[in-house]
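What follows is each chain in one-letter form.
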Amino acid sequence: MSAAVTLLDPVEFLQPNRRLFIDTNIFMDTDPRRAGGLKRLFERGQGTILKNGNPIVVPTKVVGELTKQSRLDASNETEERSEAINKAAAALTFLDSASKVGLIRKDLGDDTNPYADDLFLQLFERFAGTYEMCLLTHDITIKLRVRLLAHRLGKRLVVGVLTKDGELQVDADQMLFDRGMRKYARHESRLAEGSGTFKDESEVATLKPLLDDFRKAFRLRESGVNLKGRVAKPLAPKRPAGDFHQANPFTAAAKIKPRDTALTFTSLPKEGDQVMWESAAKGGKFVLGPLLGEGGEGSVYDGGDDTVVKIFDKDHVTQHRKEKIQLLVGRGIQAKGMCIPTAVVRNGDGEFVGYVMPKASGREFQRTIFNKRKFEKEFPTWKKADLVDICISFLEKVQYLHSMNIILGDINPKNLMIDNKKNVFIIDADSWQVEGYPCPVGTPMFTSPAMLGKAYAEDLRTMEDELFAVATMLFMIVMTGQFPYIRTGTDGDMVQLIKEGNFAFQYENRNNKDQPDGDWKYMWSHIHKPVKDLFWHTFHKEGKRYAKRPTATEWLEAFRAYRSYLGDKRANFDPMSNDVYPIRNKAFRPDTPIQDCPGCGRKNAIAGIWNDASEDYFVPRQCNKCRATGPQTVRPAGPRRMPTTPAAADCKDCSKSFPKSQLTYGRCPTCTTKANSLDPGRLCIDCRQPFITHDHIGWFTTRFLDVPKSHAAIKTTCPPAPTSPRRSASASNAQQAPMGFWARVKSWFQGN
Amino acid sequence: MARLDIGADDLIDNPTPRVPVSLCLDTSSSMGGSPIQELVRGVNLFYDAIDEDDDAHDSAEINIVEFNSSAALVHDFASIERLQRITSLAANGLTAMGAGVNLALDSLEKRKATYSGSGVLYYQPWLVLMTDGAPTDNIESAVKRVVDLVDAKKLTVFPIGIGAGADMKTLARFSPHRPPLRLDGLKFKEFFEWLSKSVARVSRSTPGDTVKLDLEGLAGWAEL
């Protein structure tokens, strides 16, 4: 093909031996150059579709994505996004009516696969031998994948977009490749600048080998875009340059340096002594200001101009420190909230003795937010959202350092400071692991299971070790100092707790008998679900991220979502979720009654407890605090108190104690009823009726699978809709026999 | 006497790992007069120092066991916030050291069980044994328990002799790895200052870490 693009008639893919699919982004396309293309497609193709009984396919996954998009609040979005969101809603209405008249088939899908892209690929691979297929999509990645698949299988699989006139526009191989390269460069440059998200990372990881294969398969020339290394000029520098200075990253693959050795020196300067300084660009002399403090490794003096000077003590003037600080200084890194060395300091004889760094403000986490008593004293007005802001501030810095291939190493609550404006400061930069210089110190509580027992100074930490410390720190910020592996029944051996990986906080339907006493479980209960998921999977030995921990970028994305969730009154329906110390579990649903406690007057202290038998909420008469300490007013009859019997056990769902004889599969009668009842909050995307039981949901969520979205996806059928007109004959086919996904696809392909 | 309120919230709301310290004190008749007064002053000073230290404040939990003709709990474990200072201790009777140490160990075990049952992290406990004489009861079981715990790294013990009459040989049996210390005169103040600093030092470490005690700091009050 010599032309950059080819125009085809999409109607050819509506012939009996061919199939046409549409991806989500086509429905949400807002480009005026292509406006009206979908409408023209249906106008051109409807006769053929109906004649051949071969509707255009919009898989359930795509319908699901459109549904999700259409529910977003468009008011705060850009004009373009808001138009796209409106388009999604319009598309759903269109799909409904088009499927009723047989132009669209939207009941095909496989909900076990979270990605529509993969679904298309699976489908195309499976049926490439039987049919010629075409996918309409704007997604370059999937276009490349399908094109490559067609090449590999030697079959006709076409990917393209619609023109204004409803024609199928197909890119030539070279053009598709060049567009792929530009997409890659775009994501890569965001990562290089440190503003990348998880999506950028995954796109880069997918595109790099894909483009390489693509180029080889089609014998294409190298694109003008450079695939190797960091992109020289970022296309869109998003990060304000004032916060984090962009410098060349350090080498990530350096081998560990030979063991550290002490350096000789004539004297260590003190307050009032003249010293020499040398930054990346300049040098000079100055006099050490007043002594500000003494630490485990040296003394800190005022350096004037919002700087301080650390002078190491005699045991810490070492070769590693000198070389590491020279490396950091030489790179000229300046980043807000990080006390990175800016100049090497030498004594009067020119010997290395310390360094200059910016002054940190605020106080150590350990003395401010890692203890309820101190926290309430220091920051009495702070809410959960403020703690989430602290996590974000911390993560932005960690993300930047990681992009520079710096490993912080000894992340602990004494190396992090917080000021009353929620700015996080990272101190102790001279302990960071840079190139082959290890971080010689560590804190067991933040040490990964793999690193425990090793000598900090004699091993380089891996990024996984680092990400363990990052996860632990985030958990301890949100939980104001509680350790993730805290549980009952320990003998105080923290190393053992980390090694066993028994994260005891209640997660979904798991047993929680080891949860610590006190309000910690309520704090945990209110954490935003996606963050909770990440915590659980990172800390629990059976979690999916236990061996491959979330990166700073992933956490950043999750915590930013947590932040907007807390600010969104509709999504965050429980007013107690923004409390730092909630005193009850999170409310079940938006309609759960929430009341102040009549006993002690605490706000929102009582939330209704759903009772499936009565299909109503039971509202306790007093809050948890009043129940535990005895009411200040009149003691009610205590209807919920169970008689104490020796053979008692905790219900695995609600963890209240019950006589064993009342439990069924570890659940109390109420929870058994609940487990077997349909979740009223989840509606089938086809019939808009509840369709899946709580127990069944638990089965998916404990396996970290997406919960299915329709009757069809769990191999049940939609109940007949009482108000809507009777379904057409072809639609009722789908209702009769619950068939497996592939069986349904097959029968459809065979013309049923 | 010391008074305290037992509060469960106090125990579980604080995520800081605890250092339980049991002060096992000889209040036999020979301690009467200035020794017991100095001891009370020293203990209160210890409490003050713990209270003032940012780290030890949240970590240390202290109880006092006294022994004379029998053993008794002066007050059970509590955080420093809940501890009132002791006003006096009465000195009379014999020196039931075995019973005193056993009671102190029992109280430590009970406290550890409380930590474990509530989900509170802790450091292995400390036992401070102070006497000015020799035991008048059987100490064999108490010695064995202490030695076993110390060997298993589940207890740090500080046997302290008060004055010239203290039976250092007996005290040595309670401390398999470190010789007992004799208090220089009635320098309780210096000893308790040192003790509070050591508790603070431990509470700045992580449970499971080996904490180096600052033994040089002992020179002021002890003669070996």
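Nothing here was measured: the structure is a model prediction, and the numbers come from that model. Residue numbering note: each chain is counted from 1, following its sequence as written. Lettering of chains starts at A and numbering of ligands starts at 1, both following the order in which they are written. Under the rules for a predicted model, residues below a pLDDT of 70 receive no local features and side-chain atom pairs below 80 are neither given nor counted, while totals for whole chains, interfaces and linings still include all residues.

(A) Fine view of the overall build of chain A. Secondary structure elements are taken from DSSP: a helix is a run of H or I of four residues or more, a strand is a run of E of two residues or more, and numbering for both begins at the N terminus. Looking only at helices and strands, one finds 21 helices and 25 strands in chain A. Whether a residue is buried, exposed or partly exposed is read from the other C-beta atoms within 10 Å of its own C-beta, which are placed from the backbone; 20 or more gives buried, 12 or fewer gives exposed, and intermediate counts give partly exposed. Per-residue burial over chain A gives 40% buried out of 752 residues. For every residue pair, C-beta atoms are placed from the backbone, and the pair is scored as a contact if these atoms sit within 7 Å. Contacts spanning at least 24 positions in sequence make up 64% of the contacts within chain A whose residues lie at least 6 apart.

(B) Region of the structure containing the nonpolar core. Remark: nonpolar core denotes a set of buried Ala, Val, Leu, Ile, Met, Phe, Trp, Tyr and Cys residues whose joining runs through C-beta atoms within 7 Å. Judged by nonpolar contacts, the single largest core of 162 residues is most densely connected at Cys391 and Val470 of chain A together with Val128 and Leu129 of chain B. Broken down by element, this core gets its largest block of residues, 11 residues, from helix H12 (residues 463–478) of chain A. Apart from residues no more than four positions distant in its own chain, Val128 of chain B is found in contact with Val21, Leu23, Cys24, Phe158, Ile160 and Leu195 of chain B.

(C) Representation of the interface of chain B and chain A in the model. Counting residues at the interface gives 20 residues for chain B and 23 residues for chain A. When contributions to the side of chain B that touches chain A are tallied by element, the ones reaching two or more residues are helix H3 (54–59) and helix H4 (97–118) of chain B. It is H4 of chain B that contributes the most residues to the side of chain B that touches chain A, 4 residues altogether.

(D) Highlighting the pairing of strand E6 (residues 157–162) of chain A. Residues and elements named next belong to chain A. Across the 6 residues that make up E6, a large majority, 6, are buried. Here, strands pair whenever DSSP counts at least two bridges between them. Pairing between strand E5 (residues 132–136) and E6: 4 bridges, direction parallel. Within the sheet, the bridge partner assigned to Leu136 lies in E6 and is Gly160. A crossover links E5 with its parallel partner E6, the connecting element being helix H6 (residues 140–153), and its sense is right-handed. Pairing of E6 with strand E7 (residues 168–171) involves 2 bridges; the strand directions are antiparallel. In the strand pairing of E7, Val161 is matched with Gln169. Hairpin connection, E6 to E7: the antiparallel pair is bridged by 5 residues, and Gly166 has positive phi, about 80 degrees. A clockwise path from the first strand over the helix to the second, with the strands pointing away from the viewer, defines a right-handed crossover.

(E) Local environment of the sheet that holds strand E15 (residues 363–364) of chain A. Residues and elements named next belong to chain A. Read from one edge of the open sheet, 3 strands run E15-E17-E18, paired in antiparallel fashion. Strand pairing shows two members of the sheet lacking a second neighbour, E15 and strand E18 (424–426), which therefore form its edges. As paired elements, E15 and strand E17 (residues 416–418) share 2 bridges and run antiparallel to each other. Bridged to Arg363 within E17 is Ile418. Here an angle of 0 to 180 degrees is reported between the N-to-C directions of two axes, which are lines fitted to C-alpha atoms, with helices fitted over the stretch in contact. Where helix H11 (residues 384–403) meets the sheet, its contacts fall on E17 and E18, and the angle it forms with E18 comes to roughly 35 degrees.

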